[in-house]
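Chain residues, written in single-letter form:
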Amino acid sequence: MGKNRLVTIALVLGLVVVVAVVSWIAGAAIQSPAEAAARTAPPLPAPILVPVEQRVLSADIVTRGTARFGLPQTVAIAPSALKAEAGMVTTLPMPGTQFAEGQALLTTSSRPLFVLYGEIPAYRDLRPGLAGNDVRQLEEALARLVYDPGPVDGLFDAQTSAAVAAWYTAAGWDAFGPTAPQLAQQQRLETALAAATKAQTAAQAAAATDALAVDVARANAELANQRASADVAATRAEVAALQTDTNATAAAQANAAAALAVAEATVDAVALAGKLTVQEAVDAQQRAARDAEDAVQAVARLTAELADLQATIGVQVPLDELVFLPALPIRVEGLIGRIGDRASGPILMVTNNQLAVDASLPLDEAPLVKPGMAVQIDEPELGLKATGVVERVATTPGTDGADGYHVYFETRVDETPTSLAGFSLRLTIPVESTGGAVTAVPIAALSLGADGASRVQVENGGTLAYVTVEPGFSADGFVEVTPLDGTLEPGQLVVVGYEQPLAEE
């Protein structure tokens, strides 16, 4: 009995242990509904936080264009009337060569072609005695080059001529003086003036002699008149004496009367002859006076012509030795003529030293771009960067090489050491901007509250809180915000979304 009892107790205890183990396993596997729901719920999402920034916001227009040097123009040579014929091109500059004011671009028949600044193209030979705005341009240029032309008054005078001579000499050239035809004309005038002066002296001497002849003729006529009158008086006295002489015969009285008639007739004849002689002398004197006056006028005219010629044949600037350009310095873009060509017509293509970028805008963006706007210029792949300013915007589409759906605009490039000519570049134009740094958050950080107000959710010490804001200008995915309640400072973290963690397996 004792042995069987122990066996029974052992069996009971074993059974209890088995039941307990089974119960524990079953209890571990059984879950309540709440426990089951908690275990199957997705994990809580984590907020995505970004810092509040202080930044400049701008809305940009981005396009592309090709850089070039600005103001392309042709340099042409016009023949000079001071030279018998056009010269021959003897030297030409290399493309890319740069020239400043007062320098010689090239030579024709070993004479220089100088470049000066001026809006009025050269159109005539400039010489002493001329006046005009082209002369004023020359004087202004000489003054800039520190060669004193005297008063800048548009008159090519002796001081202007001296300044031109000094400029040529300093540049290594002889100034252009009188031409052979001008010197020959001067010689002709000098010879004619000498002859006219001699003729004037002779005419004035003849006029003086003829004036004396008039006085002599008048004196002779007066003497003849007096003699004739005396004869008449004597004859009348004789006639009177005979008439009272009782011894006088009738024949004697008749002869005396006849003699008186002759004497009286002679008085009239002598008076008439005297008048004619005097008139002839007066006419001769007047002719001599006119000849003398003509001689004086001829001398004065030739003297003036010689003075005018001498005033115009000093140092001159031939038309084919000067070109005025509206922008300096310049660079040679390309050659049109060749050495050995006749020096006439287009010879060089030049530009100024100002880089420009030609580009175009779609029709909807063109009205937003105005001259004077700043432009960022770059080409990331080539590492090129520069800045510029909008110089010109075409008023109509389809001009300056743009198609009918685009509007051309030109950007003037600010000074840069980088050679940009010929490169295709990206142009970025801020058309709107906050003007300065403002408080900004990503647009995704904005949400609307139940009252319709804009707000951002700010992280503060592990907790999240809403701050009501007033949104402002937006660009590049950011929006300017001004807090209406609470604070919002650069560096604070705001929620832009939530990130769903991976569920545990």
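Model, not experiment: these values are computed from the prediction. (Residues numbered from 1 in each chain as written. Predicted model: local features only at pLDDT ≥ 70, side-chain atom pairs only at ≥ 80, totals over all residues. Heavy atoms only, no water.)

Thoughts on the overall build of the protein chain
Scanning the protein chain from terminus to terminus reveals six helices and 22 strands. For the protein chain, the C-alpha radius of gyration of 58 Å lies well beyond 23 Å, the compact-globule estimate for 505 residues. Buried positions account for 33% of the 505 residues belonging to the protein chain. Considering only residue pairs separated by 6 or more positions, the protein chain has 70% of its internal contacts joining residues 24 or more positions apart. Only carbon and sulfur atoms are counted for the fraction: they give 59% of the accessible area of the protein chain, which is about 28600 Å². (Helix = DSSP H or I, 4+ residues; strand = E, 2+ residues; numbered from the N terminus. Rg over C-alpha atoms; globule rule 2.2 N^0.38 Å. Buried < 20%, exposed > 50% of the residue type's maximum accessible area, 1.4 Å probe, protein only. Contact = heavy atoms within 4.5 Å. Areas by Shrake-Rupley, 256 points an atom, 1.4 Å probe, with all protein chains shown as cover.)

A look at unusual backbone geometry
Going from Leu 328 to Pro 329, the amide bond is cis rather than trans, its omega being -5 degrees. Positive phi is not limited to glycine here, since Val 146 has a value of about 65 degrees. Positionally, Val 146 belongs in the loop between α3 (133–144) and α4 (158–171). The residue Asp 400 is not glycine, and still its phi comes out positive at about 55 degrees. Along the chain, the position of Asp 400 falls in the loop between β14 (384–393) and β15 (406–413).

Observations concerning the nonpolar core
Val 369, Phe 409 and Leu 420 are the most contacted members of the largest nonpolar core, which has 25 residues in total. Of all the elements in the fold, those that place two or more residues in this core are β3 (58–69), β12 (355–362), β13 (374–379), β14, β15 and β16 (424–433). Filtering out sequence-adjacent residues up to four positions away, Phe 409 remains in contact with Thr 63, Val 357, Asp 358, Ala 359, Ser 360, Leu 361, Val 390, Arg 392, Val 393, Leu 427 and Ile 429. (Core = buried A, V, L, I, M, F, W, Y, C linked by side-chain atoms within 4.5 Å.)

Focus on the confidence of the model for the protein chain
Reading predicted coordinates in detail is not appropriate for stretches of low pLDDT. Chain-level pLDDT for the protein chain is 85 on average; 90% of the residues reach the 70-or-more range. Note that residues 1–22 has pLDDT below 50 and, in this model, zero contacts with residues that lie over four places away or in other chains. Per-residue pLDDT stays below 50 along residues 24–29; that stretch engages in zero contacts with residues further than four places along the chain or on separate chains. (pLDDT = per-residue confidence, 0-100.)

Focus: a nonpolar patch on the surface
On the surface, Leu 49, Leu 464, Leu 493 and Tyr 498 cluster together into a nonpolar patch covering about 300 Å² of accessible area. Tracing the sequence through the fold places Leu 464 in strand β20 (residues 463–475). (Patch = residues over 30% accessible without salt bridge, like charges linked within 9 Å, V, L, I, M, F, W, Y side chains within 5 Å. Salt bridge = Lys/Arg side-chain N within 4 Å of Asp/Glu carboxyl O.)

Remarks on the environment of Ala 475
Residue position: Ala 475 is located in strand β20. In this structure Ala 475 comes out as buried when scored by relative accessible area, which is 7%. On a C-alpha basis, the gap between Ala 475 and Ala 465 in space is 26 Å, while along the polypeptide they are 10 residues apart. If near-sequence neighbours (up to four positions away) are discounted, Ala 475 is found in contact with Leu 57, Ser 58 and Ala 59.

Structural notes on the layout of surface pockets
Empty space within the largest pocket amounts to approximately 210 Å³. Contributions of two or more residues to the lining of the largest pocket are made by β4 (73–77) and β9 (322–325). (1 Å grid on protein atoms, 1.4 Å probe; cavity = no way out; pocket = protein on both sides within 12 Å on 5 of 7 lines; lining within 4 Å. Points joined across faces, edges and corners; volume = space filled by probe spheres on them.)

Some details on the packing of α3 against α4
Two elements in contact, α3 and α4, have axes whose closest approach is 11 Å; the angle formed by their N-to-C orientations is 50 degrees. Comparing the axis directions of α3 and α4 gives the class oblique. Read as a crossing pair, α3 and α4 show a hand that is left-handed. Of the residues in α4, those touching α3 at Leu 138, Glu 139 and Leu 142 are Thr 160, Ala 163, Val 164 and Trp 167. A class-by-class count of the residues in the contact of α3 with α4 yields five nonpolar, one polar and one charged. (Axes fitted to C-alpha atoms, helices over the stretch in contact; angles between N-to-C directions. Parallel < 35°, antiparallel > 145°, perpendicular 65-115°, else oblique. Left-handed = near helix turned anticlockwise from the far one by under 90°. Nonpolar A, V, L, I, M, F, W, Y, C, P; charged D, E, K, R; others polar.)

Some remarks on the side chain of Ser 58
Along the chain, Ser 58 turns up in strand β3. Here Ser 58 falls in the buried class, since its relative accessible area comes to 14%. Side chain to side chain, Ser 58 and Asp 60 meet in a polar contact 3.2 Å long. Beyond its immediate sequence surroundings of up to four residues, Ser 58 is in contact with Pro 430, Glu 432, Ser 433, Phe 473, Ala 475 and Asp 476. (Polar contact = N/O pair within 3.5 Å; in protein donor to acceptor, adjacent residues only side chain to side chain.)

Observations regarding the environment of Thr 74
Its location among the elements puts Thr 74 in strand β4. According to the relative accessible area criterion, Thr 74 is partly exposed, its value standing at 39%. Expressed as a C-alpha distance, the spacing of Thr 74 and Leu 335, which sit 261 residues apart in the sequence, is 9.7 Å. Not counting residues within four places of it along the chain, the set of residues in contact with Thr 74 comprises Ile 336, Pro 346, Leu 348 and Met 349.

What about the pairing of β20?
Alignment of strand β19 (residues 454–460) against β20, held across six bridges, turns out to be antiparallel. Along β20, the bridge assignment pairs Asn 460 with Thr 463. Linking β19 back to β20 in an antiparallel pair, the connection comprises two residues, with Gly 461 at a positive phi of about 60 degrees. Between the antiparallel neighbours β20 and strand β21 (residues 478–483) lie two residues, among them Asp 476 with a positive phi of about 55 degrees. (Pairing = 2+ DSSP bridges.)

Some remarks on the sheet that holds β4
Strand order in this open sheet of four strands is β4-β11-β10-β6, and the pairing throughout is antiparallel. The outermost strands of the open sheet, each flanked by one partner alone, are β4 and β6 (98–99). Taken together, the two bridges between β6 and strand β10 (residues 330–335) define a ladder with antiparallel strand orientation. Across the sheet, residue Phe 99 finds its bridge partner in β10, namely Ile 330.

Some remarks on the pattern of salt bridges
This model, assessed by the stated rule, comprises 14 salt bridges. With its nearest N and O atoms 3.0 Å apart, the salt bridge here joins Lys 83 to Asp 320. With a gap of 237 residues between them, Lys 83 in the loop between β4 and β5 (89–91) and Asp 320 in the loop between α6 (250–312) and β9 connect regions that are remote in the sequence. Each member of the pair, Lys 83 together with Asp 320, is buried. As a salt-bridge pair, Glu 101 and Arg 144 come within 2.7 Å of each other at their nearest N and O atoms. Separated by 43 residues along the polypeptide, Glu 101 in the loop between β6 and β7 (104–108) and Arg 144 in helix α3 bring together distant segments of the chain. On the basis of relative accessible area, Arg 144 is assigned to the partly exposed category, the value being 41%.

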